[in-house]
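Geometric and topological summary
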Amino acid sequence: MTDTVLLESPSPVSRRYHVKSFGCQMNVYDSERMGDLLEADGMVVSDSSDDADVVVLNTCHIRERAAEKLYSDIGRLRRPRADGSRPTIVAAGCVAQAEGAEIARRAPDVDVIVGPLAYHRLPQLLRDARTARAIDTEMPDAPKFAALPPRRHQGAAAFLTVQEGCDKFCTFCVVPYTRGQETSRPLADLLAEAEALVAAGAVEITLIGQNVNAYHGGTSLAGLIARLADIDGLKRIRYTTSHPRDMSDDLIAAHTEIPKLMPYLHLPVQSGSSRILKAMNRAHTRGSYLETLDRVRAVRPDIALSGDFIVGFPGETEADFADTLSIVAEARYAAAFSFKYSVRPGTPAGTMADQVPEAVKDERLARLQAAIAAGSHAFNQDTVGRRTEILLERQGRKPGQLIGKTPWLQSAVVSVPGARIGDLIAVEITAAGPNSVDATPLQQERSAA
Ligand code: 5AD
Ligand code: SF4
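Residues numbered from 1 in each chain as written. Chains lettered and ligands numbered in written order. Predicted model: local features only at pLDDT ≥ 70, side-chain atom pairs only at ≥ 80, totals over all residues. Heavy atoms only, no water.

**Re the nonpolar core**
- Counting 50 residues, the largest nonpolar core has Leu207, Leu221, Leu224, Ile225, Leu228, Tyr239 and Phe309 as the members making the most contacts within it.
- In contact with Tyr239, other than residues within four places in its own chain, are Thr206, Leu207, Val212, Leu221, Ile225, Met247, Leu251, His255, Leu261 and Leu265.
- The next biggest cluster of nonpolar side chains, apart from the first, holds 24 residues, and it includes Met43, Ala118, Leu148 and Ile208. (Core = buried A, V, L, I, M, F, W, Y, C linked by side-chain atoms within 4.5 Å. Buried < 20%, exposed > 50% of the residue type's maximum accessible area, 1.4 Å probe, protein only. Contact = heavy atoms within 4.5 Å.)

**Considering the domain arrangement of the protein**
- For the protein, the assigned domains read domain 1 (16-136), domain 2 (150-382) and domain 3 (387-441).
- With centres defined by C-alpha atoms, the gap from domain 1 to domain 3 works out at 36 Å. (Domains from an automatic or database assignment.)

**As for the packing of helix α3 (residues 64-77) against helix α4 (residues 93-106)**
- In contact at an axis separation of 12 Å, α3 and α4 are set at 40° when each is read in the N-to-C sense. Classed by the angle they form, the pair α3 and α4 counts as oblique. Here α3 runs over α4; the crossing is right-handed. Residues Ala67, Glu68, Leu70 and Tyr71 of α3 form the contact with α4, whose own contacting residues are Val95, Glu99, Glu102, Ile103 and Arg106.
- For the contact of α3 with α4, a count of residues per class yields 5 nonpolar, no polar and 4 charged. (Axes fitted to C-alpha atoms, helices over the stretch in contact; angles between N-to-C directions. Helix = DSSP H or I, 4+ residues; strand = E, 2+ residues; numbered from the N terminus. Parallel < 35°, antiparallel > 145°, perpendicular 65-115°, else oblique. Left-handed = near helix turned anticlockwise from the far one by under 90°. Nonpolar A, V, L, I, M, F, W, Y, C, P; charged D, E, K, R; others polar.)

**Some thoughts on the site of ligand 1**
- Taken together, the residues surrounding ligand 1 are Ile62, Arg63, Phe172, Gln270, Asp308, Ile310, Phe339, Lys340, Tyr341, Ser342 and Arg344.
- Gln270 is positioned such that a nitrogen or oxygen atom in its side chain is 2.6 Å from an oxygen atom of ligand 1.
- Here Ser342 contributes a backbone N or O atom positioned 2.8 Å from a nitrogen atom of ligand 1.
- Within the complex, the protein chains bury 87% of what would otherwise be the 400 Å² of accessible surface of ligand 1.
- Of all the secondary structure elements, the ones that give two or more residues to the shell around ligand 1 are β13 (304-311) and β14 (335-340).
- By residue class, the composition of the shell around ligand 1 is 5 nonpolar, 2 polar and 4 charged. (Near = heavy atom within 4 Å. Polar contact = N/O pair within 3.5 Å; in protein donor to acceptor, adjacent residues only side chain to side chain. Areas by Shrake-Rupley, 256 points an atom, 1.4 Å probe, with all protein chains shown as cover.)

**Let's talk about the packing of aromatic side chains**
- Tallied over the entire structure, the rule returns 5 aromatic pairs.
- Centre to centre, the rings of Phe309 and Tyr333 are 5.4 Å apart; their planes meet at 75°, and the pair counts as edge-to-face. Of this pair, Phe309 sits in strand β13 while Tyr333 sits in the loop between α12 (318-331) and β14, and the two are 24 residues apart along the sequence.
- Seen from their ring centres, Phe313 and Tyr341 are 5.6 Å apart, and the 70° between their planes marks the pair as edge-to-face. Of the two residues, Phe313 sits in the loop between β13 and α12 while Tyr341 sits in the loop between β14 and α13 (358-382), which places them 28 residues apart along the sequence.
- By relative accessible area, Phe313 is classed as buried at 0%.
- A relative accessible area of 3% means that Tyr341 is categorised as buried. (Phe/Tyr/Trp six-rings, centres within 6.5 Å; stacked < 30°, edge-to-face > 60°.)

**Remarks on the packing of helix α8 (residues 221-229) against helix α9 (residues 249-257)**
- Taken N-terminus to C-terminus, the directions of α8 and α9 make an angle of 30°; their axes are 8 Å apart at the nearest point. Here α8 lies roughly parallel to α9, going by the angle between them. Contacts between α8 and α9 involve Leu221, Ala222 and Ile225 on the former and, on the latter, Asp250, Leu251 and Ala254.
- Class assignment for the residues of the contact of α8 with α9 results in 5 nonpolar, no polar and 1 charged.

**Quick notes on the sheet that holds β13**
- Reading across from one edge, β12-β13-β14 is the order of the 3 strands in this open sheet, with parallel pairing throughout. Edge positions in the open sheet fall to β12 (264-266) and β14, since each of these has one partner strand only. Direction aside, neighbouring strands of the sheet carry axes that sit 10° apart on average.
- Relative to β14, β13 runs parallel, the two being bridged by 6 bridges. Counterpart to Ser306 in the pairing with β14 is Ala335.
- Packing against the sheet, α13 makes contact with β13 and β14, and its axis sits at approximately 175° to β14. (Pairing = 2+ DSSP bridges.)

**Focus: the environment of Asp189**
- Here Asp189 lies in helix α7 (residues 187-199).
- Along the sequence, Asp189 and Phe145 sit 44 residues apart, while their C-alpha atoms lie 9.0 Å from each other.

**A closer look at the site of ligand 2**
- Ligand 2 sits among Cys166, Lys168, Phe169, Cys170, Phe172, Cys173, Val175, Pro176, Asn211, His243 and Arg282.
- Looking at side-chain class alone, the shell around ligand 2 contains 7 nonpolar, 2 polar and 2 charged residues.

**Regarding the sheet that holds strand β3 (residues 54-59)**
- Here we have 6 strands laid out as an open sheet, ordered β2-β1-β3-β4-β5-β6, and parallel in their pairing. At either margin of the open sheet sits one strand with a lone partner, and together these are β2 (44-45) and β6 (134-136).
- Across the sheet, α4 lies against β3, β4 (88-92), β5 (112-114) and β6, angled at about 135° from β5, the strand it touches most.

**Comments concerning the confidence of the model for the protein**
- Per-chain confidence: the protein averages 94 in pLDDT, with 96% of residues scoring 70 or above.
- Across residues 1-10, where pLDDT falls below 50, the model places 8 contacts with residues more than four positions away in sequence or in other chains.
- For the stretch residues 445-449, pLDDT sits under 50, and the model shows 1 contact to residues farther than four places along the chain or on other chains. (pLDDT = per-residue confidence, 0-100.)

Here is the structure:
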């Protein structure tokens, strides 16, 4: 049946696709790769879902609010357009994986349901969907990556997925159920993909994975970073997200031995209370986390630390929360993300006693975010006077302004006549706010002199 469809002559007008990405950087990578697949299949990108023939919703299941966005988007897309048409709707990503059957029941207009480990089959699923809804939420052992076409990424900064899935089973988290068990991509494949990215103009690569520092595809993450650092033209390497348990000595040493590795570490702690960390099954305590930071700062005193926090985990008392507030000050975060605990179906914490009332979560989140913002401001102020490089990423709000990223991942606002997005320029940091710093170019001063 599908063979007949495959033999159809291509339509004279290329079909248009639009991918909307929710959630984490893994999804950003996957969305880009789905685009690569569809283009290899003869489709062209559309900037908007309004005139696309195929709309892919690449969903996130990490919190309830994120998951609900799928249903509101489907509701909008299924309404007929002025010409009576509606797009083919693809539900992809972690909600599709976790709730494929429920999506099929609740949203009968969805044409394709495909999980994050099966999307290499998307072109075929779209063909199958011409006759009946196509579902693929298999979690195959065979890696999808080998089945993907070459990357077409353009731009100075790129993500590279090196590892996927998680075996740690924190009691609040759906990732082990949606992304499956931890798997690492082979070193040779990653070097080839990185070389292609650099040949196409990338100067910064961020290695991504749910547990990126557990990478073990023939070498450790530190070994992979060392190999990537040998690529001429690649100027900056970053990695995210790391688990405190996997901060190995060689990775810490890489922060002083490999100049291309940026001084930034995203190391989620989730809570400052060892009692709550135990209930979360985090496999680290407050004390062991702070010791890890000491080891990192011993070799890289300027490291910009970022983290994730959950407030209102079941059983969290005011005393536990006070421990979370105090670890923010003690750990000296440059930035951090904080979330209200959200019950996820099928996870152990979802059925724990002593769920925390929503109003208490709201109040704790506000206090935590104020503490984090104060820490970010202090970190930014500390960098004033430093001479460094920034990678220009986008236009600023005012004419002539550009926004770049410092090695510490701060947004730096600068005016550099003649500079372009993607340039790496030498600057001095001159002023600091809570969310960004101001910088002035050094080269410009030299050439003006
Ligand atoms: N509720 C709230 N936040 C969560 N996270 C993961 N699961 C949940 C949940 N059930 C947060 C954690 C994680 C980040 C990606 O999302 O802080 O590090
Ligand atoms: Fe989720 Fe914990 Fe795995 Fe991170 S380490 S993906 S929070 S289960």
